[in-house]
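# Structural characterization, general
Residue-level listing of the chains:
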Amino acid sequence: MCDAHLRGPSGIITSPNFPIQYDNNAHCVWIITALNPAKVGEESVNIQYNKEGLKAELSSGRQQGKWMLCSNPVHGTGAQVIKLAFEEFDLERGYDTLTVGDGGQDGDQKTVLYVLTGTSVPDLIVSTNHQMWLLFQTDGSGSSLGFKASYEEIEQGSCGDPGIPAYGRREGSRFRHGDTLKFECQPAFELVGQKAITCQKNNQWSAKKPGCVCK
Ligand SMILES: [Ca+2]
């Protein structure tokens, strides 16, 4: 399970050996690609084609029709992005990390979304295009249980369903850009975190889903 190209629409990723301790000096890469990236893919192909078309147009004066036709690609419709939700997370803090990035170029610092370590279960992570990469790196000593996450394709423009806190309830059931969810807890429980979260344009919620703890 170390180094894999994964396809949608959904699946599970775990650290090696999970739920038994992972190895020292691990270096694992996963690249998740939406099952039906064609709609997104066509768009990027078109853009590439545009550049070539433009070059051709500039050099030969031809291809103008194609350039005009392709210069207005449809954005967003039907495009799928990758949502990653963690179920378990336990890495040696500061020494062993899971880096999550956008796109298919693993390790590319420009595309890093989060560098995760420690024991708190991270919030949902949503890519901004049809691919997401994960890089799991551990140092030479000290091991923990690792992580388990599920991934799923969701429609572009959505932050994904963050769930409902245990002993709580949620108002709102739309997860698209600009949508807000409100949370409250059952009597005898106290809300910890934000009462309201909004889906932002980068596909991430403005804050973690709150929790409900016994007063
Ligand atoms: Ca370690």
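Residues numbered from 1 in each chain as written. Predicted model: local features only at pLDDT ≥ 70, side-chain atom pairs only at ≥ 80, totals over all residues.

### Topic: the overall build of the protein
Rule in force here: Under the DSSP-based scheme used, a helix requires at least four consecutive residues in state H or I and a strand at least two consecutive residues in state E, with every element numbered from the N terminus. Exposure is read from a count of other C-beta atoms within 10 Å of each residue's own; the residue is exposed at 12 or fewer, buried at 20 or more and partly exposed in between. C-beta atoms are placed from the backbone. In this description, a residue-residue contact is defined by the distance between C-beta atoms placed from the backbone, which must lie within 7 Å.
Scanning the protein from terminus to terminus reveals two helices and 14 strands. Across the 215 residues of the protein, 31% fall into the buried class. Pairs at least 24 residues apart make up 66% of the contacts formed inside the protein by residues separated by at least 6 positions.

### Focus on the environment of Gly78
Mapped onto the elements, Gly78 comes out in the loop between helix 2 (64–70) and strand 4 (80–90). For Gly78, a count of 11 C-beta atoms within 10 Å puts it in the exposed group. Note: C-alpha distance between Gly78 and Ile154 (76 residues apart in sequence) is 9.5 Å.

### Some points on the nonpolar core
Selection rule: The term nonpolar core refers to a set of buried Ala, Val, Leu, Ile, Met, Phe, Trp, Tyr and Cys residues connected through C-beta atoms within 7 Å. Note that the domain bounds reflect an automated or database-derived domain assignment.
Formed by 34 residues in total, the largest nonpolar core has its most connected members in Trp30, Ile82, Leu84, Leu98, Val100 and Leu134. Counting residues per element, the ones that place at least two in this core are strand 3 (27–33), strand 4, strand 5 (97–102), strand 6 (112–116), strand 7 (125–126), strand 8 (131–137), strand 9 (146–155) and strand 11 (180–185). Counting only domains with at least three residues in this core, you end up with domain 1 (1–156) and domain 2 (157–215). Dropping the residues within four chain positions of it, Ile82 is found in contact with Ile32, Ala34, Ser127, Gln131, Met132, Tyr151 and Glu153.

### A look at the sheet that holds strand 2 (residues 10–14)
By definition, the strands of a sheet pair up through backbone hydrogen bonds, in either a parallel or an antiparallel sense. The condition that has to hold: Paired strands, as defined in this entry, are two strands with at least two bridges between them according to DSSP.
Within the open sheet, the four strands sit side by side as 2-9-4-7. Their pairing is antiparallel. The open sheet terminates on both sides in strands that have one partner only, identified here as strand 2 and strand 7. Bridge count between strand 4 and strand 9: 10 bridges; the pairing is antiparallel. Across the sheet, the residue bridging to Val81 is Ile154, located in strand 9.

### Things to note about the confidence of the model for the protein
Our working rule: Summary of the metric used: pLDDT quantifies the predictor's per-residue confidence within the range 0 to 100.
Per-chain confidence: the protein averages 84 in pLDDT, with 80% of residues scoring 70 or above. Within the model, the stretch residues 38–76 combines pLDDT values under 50 with 27 contacts to residues more than four positions away or in other chains.

### Looking at the sheet that holds strand 13 (residues 196–198)
Inclusion rule: To get an axis, a line is fitted to the C-alpha atoms, and for a helix only the part in contact is used. The angle between two axes follows their N-to-C directions and goes from 0 to 180 degrees.
The strand order across the open sheet formed by three strands is 10-11-13, and the pairing between neighbours is antiparallel. Here the strands that pair on one side only, and so sit at the sheet edges, are strand 10 (168–171) and strand 13. Within the sheet, the average angular offset between the axes of one strand and its neighbour, ignoring direction, is 25°. Here three bridges tie strand 11 to strand 13, and the two strands are oriented antiparallel to one another. By the bridge assignment, Lys182 is partnered in strand 13 with Ala196.

### Let's talk about the environment of Gln80
Note on placement: Gln80 falls in strand 4. The class for Gln80 is buried, based on 24 C-beta atoms found within 10 Å. Measuring from C-alpha to C-alpha, the distance between Gln80 and His130 comes to 5.6 Å, with 50 residues separating the pair along the chain.

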